[in-house]
Amino acid sequence: MVIISTLRSPLPSLAHFIVNSPKSAQITRHFTTFRAMQYPNSTKTSVAAEAIEVQNVPDLSIQEIDRISEQTLQRYTSTSLKREGKGVSIVWFRNDLRILDNEVLFRAWVSSEAVLPVYCVDPRLFYKTYYFSFPKTGALRIQFLMECLVDLKRNLRKRGLDLLIKQGKPEDVLPSLAKEYGAHTVYAQKETCSEELKIERLVTRNLHRAQKQSCEEISNKPNTFVKLELIWSGTMYHIDDLPFNCSSLPDVYTQFRKSVESKSMVRSCIKIPINMGPPPENIKDWGSVPDFTELGLQQPKVNKGMVFIGGESAALSRVHEYFWKKDLLKIYKETRNGMIGPDYSTKVSPWLASGSISPRFIYDEVKKYETERLANNSTYWVLFELIWRDYFRFLSIKQGNSLFHAGGPRELAVNWSQDHTLFNAWRDGRTGYPLIDASMKELMTTGFMSNRGRQIVCSFLVRDMGIDWRMGAEWFETCLLDYDPCSNYGNWTYGAGVGNDPREDRYFSIPKQAETYDPDGEFVSYWLPELQSVPAEKQNFPGSSYIKPIVPLKYGSSNRSCSRKTREVTTSRRPAGGESKWKNLGGKRRF
């Protein structure tokens, strides 16, 4: 077996390396130093599975990542694009931290003579979750986000711009900048969930207030408001191209999928101009990516499992690595239910969640692969998963805040338990069921969990423990690198039986899942070293050699040979045709 084995070095502060020099070469040099120290090249050795330490995703050198990123961006660069506008426009970066196929950035460039890209480090990122007061954003996702900003800042510098980083609420920062630089429009990606929609309303209100005050101060100045122009982005299928309004969106995924596949087209990626500059004049301080000390957080250290490198450059490189270099796309459907290692699935969900990569770009790459190499069920299945992701985004418009309620969109009255002792055992990986505990420890350590693991831990929490599904959803919100509200809460409502799922009582038998997906105990023994002394065939079923189970299972037993009844229960709840209703719980479905 060939295993990646490397240790991650302690990280210096990000701010130490983000030096605000007018020289692009200096930015590049500091960025490269940061990357080199944070992500040492993986070394591959033939060792036992327990020797795995850190597996970088993508597993490429800094030089390879930069080369692949630049070559990809060049493919989408056009020399014939023309600007049509005047004045200054602002790009408010939200969950679209990329250059390639960024319609927000392109529209701002076309409509102005100067573009001001802005990212607001919103203090609400560090608030508590709504019901159970977990941290809204865990340290691992904060680190990933900061890496995305480092990369975006660098890539903008290469193309004649920069990224102005401000700490503060967008509704305070953006009106002030619009007034200072005389911007006519703030361009931003349109969001769909209530917290994000509220911020959009506040930005619009404060832009109008700031402009009105400015007009009153200068009596002869025309009373024209700065616009907030929200642009749909981030889905494979554009909202305007759907064959129905979101208010009449089908309640069953299969109906949605068949409809868009037959009646809608995926739009082409937006081209990139050679030079996106200039920015407005007289910007003395572009700001720097904050370090953990500034944010009042402790620097996370991942010394086991997968480490995802943040940023568009890494995202584009991961697609290249998985599709083209390792040629794994052709077997995706067969391997996607794996649980250990970086290559059983595409692993692009963290970059999709941050907007570091466009789903339309992935669509383009799949179609290119099908033309140049092979088209089969695996290549189609990547698009199938992206349609799931689209579906949850559109469904969040239709369902509104019911997505976050205990009874879900169906408004069911369920007597959920909120037993914190039981929940904490689940959260900390102390349930007494190795497959559950290993999955939860992977989540806490790396910010990622396999699709299969997400299905199992959700089923166990709500079916076997009877715990309020919102506790699980909010803990996933804290931990997941690939968190976004639409997929996270949409999937948890399905898992809890309160979503638009015709099969309400979906149950995953732990014995059956362990036998099928971790038959040799490789996954559980990796995350639970105390099981390494137990014979392989007993590692998922260690009996008295492990923690006593905290609750009995609803179906089946923890013996090695699960009952026939359990097998039938599990099998009967599998959707026909292999179309799993367990979309990548909390993230972007199996990527």
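On a predicted model such as this, the values are computed, not experimentally measured, just so you know. (Residues numbered from 1 in each chain as written. Predicted model: local features only at pLDDT ≥ 70, side-chain atom pairs only at ≥ 80, totals over all residues. Heavy atoms only, no water.)

What to know about the overall build of the protein
Right, so step 1: Along the backbone of the protein there are 22 helices and 11 strands.
Right, so step 2: A separation threshold of at least 6 residues defines the contact pool for the protein, and within that pool the share at least 24 residues apart is 82%.
Right, so step 3: Summed over all atoms, the accessible surface of the protein reaches about 22,800 Å², with 50% contributed by carbon and sulfur. (Helix = DSSP H or I, 4+ residues; strand = E, 2+ residues; numbered from the N terminus. Contact = heavy atoms within 4.5 Å. Areas by Shrake-Rupley, 256 points an atom, 1.4 Å probe, with all protein chains shown as cover.)

Considering empty space enclosed by the protein
Right, so step 1: Throughout the structure, instances matching the rule amount to seven cavities of 30 Å³ or more.
Right, so step 2: Residue lining of the largest cavity: R98, D101, E103, W232, S233, G234, T235, H238, S358, P359 and R360, and that is the complete set.
Right, so step 3: Across the lining of the largest cavity, the residue classes break down as two nonpolar, five polar and four charged. (1 Å grid on protein atoms, 1.4 Å probe; cavity = no way out; pocket = protein on both sides within 12 Å on 5 of 7 lines; lining within 4 Å. Points joined across faces, edges and corners; volume = space filled by probe spheres on them. Nonpolar A, V, L, I, M, F, W, Y, C, P; charged D, E, K, R; others polar.)

Focus on helix α16 (residues 434-446)
Right, so step 1: If you check α16, its first and last C-alpha atoms are 18 Å apart, about what 13 residues at 1.5 Å a residue would give, namely 18 Å.
Right, so step 2: By the criterion of burial, α16 is predominantly enclosed, with 10 of the 13 residues buried.
Right, so step 3: For α16, the full list of buried residues reads P434, L435, I436, D437, A438, S439, M440, E442, L443 and T446.
Right, so step 4: Positioned one or two residues after α16, G447 has a phi angle of 80°, which is positive. (Expected span 1.5 Å × (residues − 1). Buried < 20%, exposed > 50% of the residue type's maximum accessible area, 1.4 Å probe, protein only.)

Let's talk about the environment of L116
Right, so step 1: On the secondary structure map, L116 appears in strand β6 (residues 114-121).
Right, so step 2: On the accessibility criterion, L116 (0% relative accessible area) is buried.
Right, so step 3: Each C-alpha atom, one on L116 and one on V91, is 6.0 Å from the other, the two residues being 25 residues apart in sequence.
Right, so step 4: What L116 contacts, discounting residues up to four positions off in sequence, is S89, I90, V91, L164, Y181, P280, I283 and W286.

Quick notes on the nonpolar core
Right, so step 1: The biggest cluster of nonpolar side chains holds 90 residues, and the ones touching the most others in it are F256, W351, I357 and I362.
Right, so step 2: At 11 residues, helix α14 (residues 377-399) tops the list of elements feeding residues into this core.
Right, so step 3: Contact partners of I362, with chain neighbours within four places excluded, come to F323, V348, L352, I357, V382 and L386.
Right, so step 4: In terms of nonpolar packing, the next biggest core, distinct from the first, is built from 53 residues, C193, I436, I456 and A514 among them. (Core = buried A, V, L, I, M, F, W, Y, C linked by side-chain atoms within 4.5 Å.)

Structural notes on the sheet that holds strand β5 (residues 88-93)
Right, so step 1: Pairing in this open sheet of five strands is parallel, and the strands run β7-β6-β5-β8-β9 from one edge to the other. Pairing within the sheet leaves two strands with one partner each, and these edge strands are β7 (164-167) and β9 (227-231). Averaged over neighbouring strand pairs, the angle between their axes works out to 30° when direction is ignored.
Right, so step 2: Across five bridges, the pairing between strand β8 (residues 183-189) and β9 is parallel. Note that in β9 the partner of Y187 across the bridge is E229.
Right, so step 3: Along the sheet, helix α5 (residues 139-158) makes contact with β5, β6 and β7, crossing β6 at roughly 170°. (Pairing = 2+ DSSP bridges. Axes fitted to C-alpha atoms, helices over the stretch in contact; angles between N-to-C directions.)

Observations concerning the pairing of β5
Right, so step 1: Extensive coverage of β5 is indicated by the burial of six of its six residues.
Right, so step 2: Here β5 pairs with β6 via six bridges, running parallel. Across the sheet, the residue bridging to S89 is V115, located in β6.
Right, so step 3: With respect to chirality, the unit in which β5 leads through helix α4 (residues 103-110) into the neighbouring parallel β6 is right-handed.
Right, so step 4: Inspection of the sheet shows β5 paired to β8 by five bridges, in the parallel sense. Paired with V91 across the two strands is Y187, which belongs to β8. (Right-handed = clockwise from strand over helix to strand, strands pointing away.)

Regarding the confidence of the model for the protein
Segments scoring low in pLDDT should not have their predicted coordinates read at a detailed level.
Right, so step 1: Counting all residues, the mean pLDDT for the protein is 86, and 82% of those residues have values of 70 or more.
Right, so step 2: Note that pLDDT drops below 50 for residues 1-51; the model gives that stretch 112 contacts with residues more than four away or on any other chain.
Right, so step 3: Between residues 561-591, whose pLDDT stays under 50, and residues either more than four places distant or in other chains, the model counts 123 contacts. (pLDDT = per-residue confidence, 0-100.)

Some words on the pattern of salt bridges
Right, so step 1: Summed over all chains, the structure comprises 32 salt bridges.
Right, so step 2: Residues R124 and E171 are paired through a salt bridge, measuring 2.8 Å at the closest nitrogen-oxygen approach. Here R124, found in the loop between β6 and α5, pairs with E171, found in helix α6 (residues 170-181); they are 47 residues apart in sequence, far enough to count as distant. When sorted by exposure, R124 lands in the same class as E171, which is buried.
Right, so step 3: Between D482 and R454 there is a salt bridge whose closest N-O contact spans 2.8 Å. A residue pair is termed long-range when its members are at least 10 positions apart, and D482 in the loop between α18 (469-479) and α19 (485-496) and R454 in helix α17 (residues 451-464) qualify at 28 residues. No difference in accessibility class separates D482 from R454, as the two residues are buried. (Salt bridge = Lys/Arg side-chain N within 4 Å of Asp/Glu carboxyl O.)

Some details on the packing of α17 against α19
Packed helix pairs are characterised by how far apart their axes lie and by the angle those axes make with each other.
Right, so step 1: Taken N-terminus to C-terminus, the directions of α17 and α19 make an angle of 50°; their axes are 9 Å apart at the nearest point. One element, α17, and the other, α19, form an angle in the oblique class. Considering how the two elements wind past one another, α17 and α19 form a crossing that is right-handed. Within the contact between the two elements, α17 uses C458, L461, V462 and R463 and α19 uses W492, G495 and A496.
Right, so step 2: The residue makeup of the contact of α17 with α19, split by class, is five nonpolar, one polar and one charged. (Parallel < 35°, antiparallel > 145°, perpendicular 65-115°, else oblique. Left-handed = near helix turned anticlockwise from the far one by under 90°.)

Observations concerning the packing of helix α15 (residues 420-428) against α16
Right, so step 1: Packing of α15 against α16 brings their axes to within 7 Å, and their N-to-C directions diverge by 70°. One way to sum up the angle between α15 and α16 is to call them roughly perpendicular. Of the residues in α16, those touching α15 at W426, R427 and D428 are I436, M440, K441 and M444.
Right, so step 2: The residue makeup of the contact of α15 with α16, split by class, is four nonpolar, no polar and three charged.

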